[in-house]
Amino acid sequence: MNVDAGFNIPDPTTIDRLEGKVSDAEWKLRCDLAATYRLCAMHAWTDLVFTHISARLPDEDGEERFLINPYGVMFDEMTASSLVKIDLEGNIKQDTPYFINPAGFTIHSAIHSAREDAGCVIHVHTPYGIAVSVQKEGLRRYTQFSMQVHEDLTYHDYEGIALDLDERERLIADVGDKNLLILRNHGTLTVGKNCALAFLRMYFLENACKTQILAQAVGGEEHLHEEPEDMGQRVHQQTAPAFMPGLGDNLVWPGLMRKLNRTNPGFDH
């Protein structure tokens, strides 16, 4: 991370506001991403400062640019101006008082490099998501939540903490064209054209995992009913429009922003 012991992490509400100092497109993405961090905190999808949400910015001078969290800033206090602009290798490309965790971008850089449609990538470590990730059968078609995402879900085997850049190629191969990923023994990940759609997918994936663990509390599989594959495909087709740009995001995101402004304002600093 190239920092010395005794480093100081500024309060994100005290740094200079970047509105008007960056392009309008970048400022909007900064606000959307900061809001996404706070929404994940609102839904208890955080692991202190140890997971990441990234967003693709417009290219600069022909080079890809992304936004990611400053290391050490909590999700519920994230602001648009505190987010850090980086390149595909995790190098910082702006003046900032913050540093990042380059290892944290390993997984995200793999997805962004392979998928032009990856406007936002959310990766979280939650108790329910991780509990499902350790199950050999993974996510089951027990609930409507799970069937809404089951056909768009894939898996990646655990390789330890994501420090090895070679893992990116295997991540890319495992994700393919899917938009939801369970990293075995690790956590969950979603991809969206924008922050709203990535968040919406994570909402359904995390609720699918939570309800699976709750249902399994009754005991063995003889007590549980799993819907057949054809029903899973039917439900997936029925709900697919919710994840199309301009539909589900426009339906859900404005209300989420109103709720965030009521309960935890300030993400747009």
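Criteria and thresholds
Residues numbered from 1 in each chain as written. Predicted model: local features only at pLDDT ≥ 70, side-chain atom pairs only at ≥ 80, totals over all residues. Heavy atoms only, no water. UniProt positions renumbered as here; feature names shortened; annotations may be inferred. Core = buried A, V, L, I, M, F, W, Y, C linked by side-chain atoms within 4.5 Å. Buried < 20%, exposed > 50% of the residue type's maximum accessible area, 1.4 Å probe, protein only. Helix = DSSP H or I, 4+ residues; strand = E, 2+ residues; numbered from the N terminus. Contact = heavy atoms within 4.5 Å. Phe/Tyr/Trp six-rings, centres within 6.5 Å; stacked < 30°, edge-to-face > 60°. 1 Å grid on protein atoms, 1.4 Å probe; cavity = no way out; pocket = protein on both sides within 12 Å on 5 of 7 lines; lining within 4 Å. Points joined across faces, edges and corners; volume = space filled by probe spheres on them. Salt bridge = Lys/Arg side-chain N within 4 Å of Asp/Glu carboxyl O. Polar contact = N/O pair within 3.5 Å; in protein donor to acceptor, adjacent residues only side chain to side chain.

Within an unreviewed UniProt entry, the label attached to the chain reads Class II aldolase/adducin family protein, and the organism entered is Parasphingorhabdus cellanae. Recorded in UniProt for the chain, the comment headed Sequence similarities (unreviewed entry) runs: "Belongs to the aldolase class II family."

1. With respect to the nonpolar core
Counting 41 residues, the largest nonpolar core has Leu 33, Tyr 37, Ile 53, Ile 122, Phe 199, Trp 253 and Met 257 as its most contacted members. Within the residue set of this core, elements represented by two or more residues are α1 (24-42), β1 (52-60), β2 (63-68), β3 (84-86), β4 (120-124), α6 (195-215) and α8 (248-263). The element contributing the most residues to this core is α1, with 8 residues. Look past the residues within four positions of Ile 122 in its chain and what remains in contact with it is Thr 36, Cys 40, His 52, Ile 53, Thr 188, Leu 189, Thr 190, Ala 198, Phe 199 and Met 202.

2. Concerning the packing of aromatic side chains
Aromatic rings considered in pairs are described by the distance between their centres and by the relative angle of their planes. Counted according to the given criterion, the structure contains 9 aromatic pairs. Ring centres of Tyr 71 and Phe 99 lie 6.1 Å apart, and the angle between their planes is 90°; on these two criteria the pair is classed as edge-to-face. In this pair, Tyr 71 is assigned in the loop between β2 and β3 and Phe 99 in the loop between β3 and α2 (105-114), connecting sequence segments 28 residues apart. Summarising the burial analysis for this pair, Tyr 71 and Phe 99 share the class buried. Measuring from centroid to centroid gives 6.2 Å for Phe 145 and Phe 204, while their planes differ by 50°, and the two rings are tilted. Taken together, the positions of Phe 145 in helix α4 (residues 144-149) and Phe 204 in helix α6 put the pair 59 residues apart, joining distant regions of the chain. Judged by its relative accessible area of 25%, Phe 145 is partly exposed.

3. Focus on the UniProt feature "domain: Class II aldolase/adducin N-terminal" (unreviewed entry) in the chain
UniProt tags residues 31-213 as "domain: Class II aldolase/adducin N-terminal" (unreviewed entry). The span residues 31-213 shows a helical share of 34% and a strand share of 20%, and its end C-alpha atoms are spaced 34 Å apart.

4. Topic: empty space enclosed by the protein
Counting across every chain of the model gives 1 cavity of 30 Å³ or more. Estimates place the volume of the largest cavity at around 40 Å³. The wall of the largest cavity is formed by His 156, Asp 157, Tyr 158, Glu 159, Gly 160, Ala 162, Glu 167, Leu 183, Arg 184 and His 186.

5. Some remarks on unusual backbone geometry
It is generally the case that most residues other than glycine have a negative phi and that most peptide bonds are trans. The phi dihedral of Ala 44 is positive, around 65°, even though this residue is not glycine. Locating Ala 44 in the fold gives a position in the loop between α1 and β1. In this model, Asp 61 sits at a positive phi of 55°, which is unusual for a non-glycine residue. By the element assignment, Asp 61 lies in the loop between β1 and β2. In this structure Asp 61 comes out as exposed when scored by relative accessible area, which is 81%.

6. Re α2
Counting buried positions over the 10 residues of α2 gives 8, a clear majority of the element. When we look at burial in α2, the residues that qualify are Phe 105, Thr 106, Ile 107, His 108, Ser 109, Ala 110, Ile 111 and His 112.

7. Quick word on the pattern of salt bridges
Per the counting criterion, the structure on display carries 15 salt bridges. With a shortest N-O distance of 2.9 Å, Glu 26 and Lys 85 are connected by a salt bridge. Here the residue Glu 26 occupies a position in helix α1, and Lys 85 occupies one in strand β3, the gap between them amounting to 59 residues. You'll find Glu 26 and Lys 85 in the same group, each marked buried. One connected set of salt bridges, linked through shared partners, spans Glu 26, Arg 30, Glu 60, Glu 63, Arg 65 and Lys 85.

8. Description of the side chain of Arg 30
By the element assignment, Arg 30 lies in helix α1. For Arg 30, the side chain forms a polar contact with the side chain of Gln 94, separated by 2.9 Å. Sequence-distant contacts of Arg 30, that is, excluding residues within four places in its chain, are made with Leu 18, Leu 67, Ala 80, Ser 81, Leu 83, Lys 85 and Gln 94.

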